[in-house]
Amino acid sequence: MEERSKGVALALVGMILYGLEPVIISYNPVNPISFAFFSALFASLLLLPFANFGEVRAEWERGALIGFFGTFLAYLSYSFGARMSTSINAALITRAEVVFSFLLSYIVLKEAITKRRVGYSALVVVGVVLVITQGKRVSLNPGDGLLLLVPLFWQLGHVIAKRTKGSPQTIAFLRNSFGALFLFIPTLLTEMSFTFYSVVEGMIIAFGQLIWYSAIKRIDLSLATAIITPAPAVAIGIALLTGTPVTLWHVAGFVLITLGTLGLTKA
């Protein structure tokens, strides 16, 4: 029970950290693929002193797959999909991660998906939708198909990580090392450019993935994913604190997100 409580607490911290990412990414002035490459590279360098090289030798193949799906394919799909769609669609469609998590966790990891967990997750998703859309209709765009692949790639990487015996710091190191390696060629083919925001993003990635992999070592992947689902609301909360006006949609969404998240931590 103590390990489960630690896992839930870590997932909640991860939700806050992942909520900061859209804020940092929004300030990125350079090619997004180059931004992702340098962010992953810097995260890898930060994690290097903490990686267990015995585990690196034993788990490098799975680490390569995690980097391929969770960083390389996910970021390319997000980058091109977001260009052909809207920021609102990108924020909403990637929240489908909880659906992919339930399916893959049930089929591959044999996790029990309870009705209560599904119900509380639905509250969170509805709350996020209310906050982001402000009650307005969202139209589909050509890039939405690519955006729908993003949470699938994330979850494929997480399922592999869940079955990896390495420590969280080793898994995070392998993911970012291989992610940077795979992104290197696309960066050269587009435009290699560096910004200090890549350093900040790399720090968030390194710490965030340490927290995330520590969480899923202790609790079900489906539960951890459901807990971090409100992450976009954290970014919106930061925007509100900096002067964005508060609406009834914000309040209603916040209430649903809070109730759903609290329910998930206890369910």
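On a predicted model such as this, the values are computed, not experimentally measured, just so you know. Counting starts from 1 at the beginning of each chain's written sequence and moves along it residue by residue. Note on the predicted model: pLDDT of at least 70 is required for a residue's local features to be given, and 80 or more for side-chain atom pairs to be given and counted; whole-chain, interface and lining totals, by contrast, use all residues. Each side-chain value is worked out from all heavy atoms of the structure, with water and hydrogens disregarded.

## Focus on the side chain of S39
Now for step 1: Going along the chain from the N terminus, every DSSP run of H or I of four or more residues is numbered as a helix, and every run of E of two or more is numbered as a strand. By the element assignment, S39 lies in helix α2 (residues 32-47).
Now for step 2: Residue classification places S39 among the buried residues on the basis of a relative accessible area of 1%.
Now for step 3: The contact criterion used throughout is that any non-hydrogen atoms of two residues lie within 4.5 Å. Those residues within four positions of S39 in sequence are excluded, and the remaining contacts are S198, E201, G202 and I205. Under the scheme applied here, a residue whose accessible area is under 20% of the maximum for its type counts as buried, over 50% as exposed, and between as partly exposed, the area being computed with a 1.4 Å probe on protein chains only.

## Things to note about the packing of helix α3 (residues 53-84) against helix α8 (residues 168-189)
Now for step 1: Think of each axis as a best-fit line through the C-alpha atoms, taken over the contacting stretch in the case of a helix, with angles from 0 to 180 degrees between the N-to-C directions. Orientation of α3 relative to α8, taken along the N-to-C sense of each, is 50 degrees, at an axis distance of 6 Å. The angle between α3 and α8 places the two elements in the oblique class. For the element pair α3 and α8, the recorded crossing hand is right-handed.
Now for step 2: The residue makeup of the contact of α3 with α8, split by class, is 14 nonpolar, 6 polar and 3 charged. In these notes the angle categories are as follows: under 35 degrees is roughly parallel, over 145 is roughly antiparallel, 65 to 115 is roughly perpendicular, and the rest is oblique. Each helix crossing is assigned a hand: it is left-handed if the near helix lies turned anticlockwise from the far helix by less than a right angle, otherwise right-handed if that turn is clockwise. Side-chain classes are defined by residue name, with Ala, Val, Leu, Ile, Met, Phe, Trp, Tyr, Cys and Pro counting as nonpolar, Asp, Glu, Lys and Arg as charged, and the others, Gly among them, as polar.

## Examining the environment of G260
Now for step 1: Considering the arrangement of structural elements, one finds G260 in helix α12 (residues 248-266).
Now for step 2: Along the backbone, G260 and A122 are 138 residues apart, and their C-alpha atoms lie at a distance of 7.6 Å.
Now for step 3: Those residues in contact with G260, other than ones at most four positions away along the chain, are Y120, L123 and V124.

## Quick word on the packing of aromatic side chains
Now for step 1: We call Phe, Tyr and Trp rings a pair once their centres come within 6.5 Å, taking the six-membered ring for Trp, and we label the pair stacked below 30 degrees between planes, edge-to-face above 60, and tilted otherwise. If you walk through the whole model with that rule in mind, you get 10 aromatic pairs.
Now for step 2: Between F37 and F184, the aromatic rings sit 5.6 Å apart at their centres with planes inclined by 45 degrees, giving tilted as the arrangement. With F37 in helix α2 and F184 in helix α8, this pair connects stretches of sequence that are 147 residues apart.
Now for step 3: For F184, a relative accessible area of 32% puts it in the partly exposed group.

## Things to note about the nonpolar core
Now for step 1: By size, the foremost hydrophobic cluster in this structure holds 64 residues, and its most contacted members are L183, W212, Y213 and I216.
Now for step 2: Top element by residues in this core is α3. It accounts for 9 residues. To form a nonpolar core, buried Ala, Val, Leu, Ile, Met, Phe, Trp, Tyr and Cys residues must be joined to one another through side-chain atoms within 4.5 Å.

## Structural notes on the environment of I132
Now for step 1: On the secondary structure map, I132 appears in helix α6 (residues 115-133).
Now for step 2: On the basis of relative accessibility, which here comes to 12%, the residue I132 falls in the buried class.
Now for step 3: Once the C-alpha coordinates of I132 and E191 are considered, the two residues, 59 residues apart in sequence, prove to be 32 Å apart.

## Some thoughts on the pattern of salt bridges
Now for step 1: Within this document, salt bridges are pairs made up of a side-chain nitrogen of Lys or Arg and a carboxyl oxygen of Asp or Glu, the two lying within 4 Å of each other. As enumerated under the stated definition, the model contains 4 salt bridges in all.
Now for step 2: One salt bridge connects E3 with R218, and the closest N-O pair in it is separated by 3.2 Å. With E3 in helix α1 (residues 2-26) and R218 in the loop between α9 (196-216) and α10 (221-228), this pair connects stretches of sequence that are 215 residues apart.
Now for step 3: Among the ionic contacts, a cluster of salt bridges with common partners joins E2, E3, K6 and R218.

## Structural notes on unusual backbone geometry
Now for step 1: Positive phi is not limited to glycine here, since K110 has a value of about 60 degrees.
Now for step 2: Within the fold, K110 resides in the loop between α5 (97-107) and α6.

## A short note on the packing of α2 against α8
A pair of packed helices is characterised by two quantities: the angle between their axes and the separation of those axes.
Now for step 1: Running from amino to carboxyl end, α2 crosses α8 at an angle of 150 degrees, the nearest separation of the two axes being 8 Å. For the element pair α2 / α8, the angle class is roughly antiparallel. Where α2 crosses over α8, the two elements pack in a sense that is left-handed. Of the residues in α8, those in contact with I33, S34, A36, F37, A40, L41, A43, S44 and L47 of α2 are A172, F173, N176, S177, A180, L183, F184, P186 and T187.
Now for step 2: Taken together, the residues of the contact of α2 with α8 break down into 13 nonpolar, 5 polar and no charged.

## Digging into the side chain of H158
Now for step 1: Structurally, the position occupied by H158 is in helix α7 (residues 144-162).
Now for step 2: Residue classification places H158 among the buried positions, given a relative accessible area of 6%.
Now for step 3: In the analysis that follows, any N or O atom pair within 3.5 Å is treated as a polar contact, provided that within protein one partner can donate a hydrogen and the other can accept it, and provided that, for residues neighboring in sequence, both atoms belong to side chains. Side chain to side chain, H158 and W212 meet in a polar contact 3.3 Å long.
Now for step 4: Each residue touching H158, except ones within four places of it in the same chain, is listed here: E97, R175, W212, I216 and L221.

## Topic: the UniProt feature "transmembrane region" (unreviewed entry) in the protein
Now for step 1: Mapped onto this numbering, the UniProt entry gives "transmembrane region" (unreviewed entry) at residues 7-27, 33-51, 63-81, 87-109, 173-189, 195-214, 221-241 and 247-265.
Now for step 2: Helix and strand shares over residues 63-81 are 100% and 0% respectively, and the end C-alpha atoms of the span are 25 Å apart.
Now for step 3: A distance of 25 Å separates the end C-alpha atoms of residues 173-189, which is 100% helix and 0% strand. UniProt positions are given in the numbering used here, feature names are shortened, and annotations may be inferred rather than shown by experiment.

## Let's talk about a nonpolar patch on the surface
Now for step 1: On the surface, a nonpolar cluster with roughly 440 Å² of combined accessible area is contributed by L123, V251, F254, V255 and L259.
Now for step 2: With 4 residues, α12 is the largest single contributor of residues to the nonpolar patch.
Now for step 3: For V255, the position within the fold is in helix α12.
Now for step 4: Residue classification places V255 among the partly exposed residues on the basis of a relative accessible area of 41%. A patch consists of residues whose relative accessible area exceeds 30% and which take part in no salt bridge; residues with like charges are grouped when within 9 Å of each other, and nonpolar side chains (Val, Leu, Ile, Met, Phe, Trp, Tyr) when within 5 Å. Using the Shrake-Rupley algorithm and a 1.4 Å probe, accessible areas are obtained, with residue cover drawn only from the displayed protein chains.

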